[in-house]
Amino acid sequence: MADPRTCIRCKHQGEPTDKFCVRCAAPLINNCTHKGDIFTKKCERVNREDAAFCSGCGAPTVFHKEGFVQGYSNVQVTSTRRP
Ligand SMILES: [Zn+2]
Ligand SMILES: [Zn+2]
């Protein structure tokens, strides 16, 4: 993973190791938001930047929660669990 990371919100190009945009604080990595529970472990999958839901466990992705994934705005996240 040596590619420079381009911010999905402001298009600023960050360092390959950056996790958040230094210009607008947007997350640069589309991580899964599943924090784990008594049945499953925390999911640390990194998804494609157009992924609204994790390909590993189906939980919403960080980009989806931030509203970066276009075309999914009408999809209601049915999970009622709150941290
Ligand atoms: Zn940015
Ligand atoms: Zn996941």
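Each value, and the rule that gives it
Residues numbered from 1 in each chain as written. Chains lettered and ligands numbered in written order. Predicted model: local features only at pLDDT ≥ 70, side-chain atom pairs only at ≥ 80, totals over all residues. Helix = DSSP H or I, 4+ residues; strand = E, 2+ residues; numbered from the N terminus. Contact = placed C-beta atoms within 7 Å. Buried ≥ 20, exposed ≤ 12 C-beta atoms within 10 Å, placed from the backbone.

As recorded in an unreviewed UniProt entry, the protein chain goes by the name DZANK-type domain-containing protein, listed as coming from Paenibacillus aurantius.

So, on to the environment of R45. Mapped onto the elements of the fold, R45 is located in the loop between strand 2 (13-14) and helix 1 (62-66). Spatially, the C-alpha atom of R45 lies 5.7 Å from that of C32, the residues being 13 residues apart in sequence. Not counting residues up to four positions away in its chain, the partners in contact with R45 are C32, C54, S55 and G56.

Okay, unusual backbone geometry next. You will see that K11, though not glycine, has its phi angle at about 70°, which is positive. We classify K11 as exposed; it has 10 C-beta atoms within 10 Å. With phi around 65°, A25 is a residue other than glycine that occupies positive phi space. Following the sequence through the fold, A25 ends up in the loop between strand 2 and helix 1. With 10 C-beta atoms counted inside 10 Å, the residue A25 sits in the exposed group.

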